[in-house]
Amino acid sequence: MSTPNILATRIDNRLVHGQVGVTWTNTLGANLVVVANDEVATDPVQQSLMDMVLPDAVQIRFFTIEKTVAIIGKAAPHQKILLVVKTPQDALRLVEGGVPIKEVNVGNLHFSEGKKQLAPTLSVDQDDIDTFYKLHDLGIKLDVRGIPSDRSKDMMEYIK
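Cut-offs and rules
Residues numbered from 1 in each chain as written. Predicted model: local features only at pLDDT ≥ 70, side-chain atom pairs only at ≥ 80, totals over all residues. Heavy atoms only, no water. Helix = DSSP H or I, 4+ residues; strand = E, 2+ residues; numbered from the N terminus. Buried < 20%, exposed > 50% of the residue type's maximum accessible area, 1.4 Å probe, protein only. Contact = heavy atoms within 4.5 Å. Pairing = 2+ DSSP bridges. Core = buried A, V, L, I, M, F, W, Y, C linked by side-chain atoms within 4.5 Å.

**Things to note about the environment of Leu-138**
Position of Leu-138 among the secondary structure elements: in the loop between helix H5 (126–137) and strand E8 (141–144). You can call Leu-138 partly exposed: its relative accessible area is 48%. Considering only alpha carbons, one finds Leu-138 and Glu-96, 42 residues apart in sequence, at a separation of 9.0 Å. Apart from residues lying up to four places away in sequence, Leu-138 is in contact with Leu-92, Val-95 and Glu-96.

Set out below in structure tokens:
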């Protein structure tokens, strides 16, 4: 696998929305958003909604986790990639599959039944916590920020 030009990897249970589509892509200079999510990879309605929030100069691709692992190494050097996943488990599957991720931005993990809220847009259950520990043990930096200008916080400080 050649090394793809991944500018950032973000966990956001909303995947691509205005904050990701405009603020993150512009700040990073990304020209390609890769959404790695098994559900959305086969849902043209969700894909269309996500595509609408991106600037015209930014392309978007929707792949399953497995396909992302298989093809991201074929990305051209001029493709400046923002990689977006829905869950920490998806991020771990990418890392374990060999995708060269050094840092993960933890954006939005909204509250739902069985989760405890750690911050306004950060809620986790035990599986999430265990997954963050696995990512951390693999040497992945876990950066909690909603937008690029927010102060970076270490995810491990929230779950210790």
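**Notes on the environment of Ile-129**
The topology assignment puts Ile-129 in helix H5. Sequence spacing of Ile-129 and Leu-118 is 11 residues, and the spatial spacing of their C-alpha atoms is 11 Å. Residues in contact with Ile-129, not counting those within four places in the same chain, are Lys-116, Val-124 and Ile-159.

**A short note on the sheet that holds strand E3 (residues 59–63)**
Pairing within the open sheet is mixed, and its seven strands lie in the order E3-E2-E4-E1-E5-E8-E9. In this open sheet, the two edge strands, each paired with only one partner strand, are E3 and strand E9 (153–154). As paired elements, strand E5 (residues 103–108) and E8 share four bridges and run parallel to each other. By the bridge assignment for E8, Val-104 is matched with Leu-142.

**Quick look at the nonpolar core**
The biggest cluster of nonpolar side chains holds 34 residues, and the ones touching the most others in it are Leu-83, Leu-94, Phe-132 and Met-155. Ranked by size, the runner-up nonpolar core spans 16 residues in total, among them Trp-24, Ala-30, Val-35 and Val-58.

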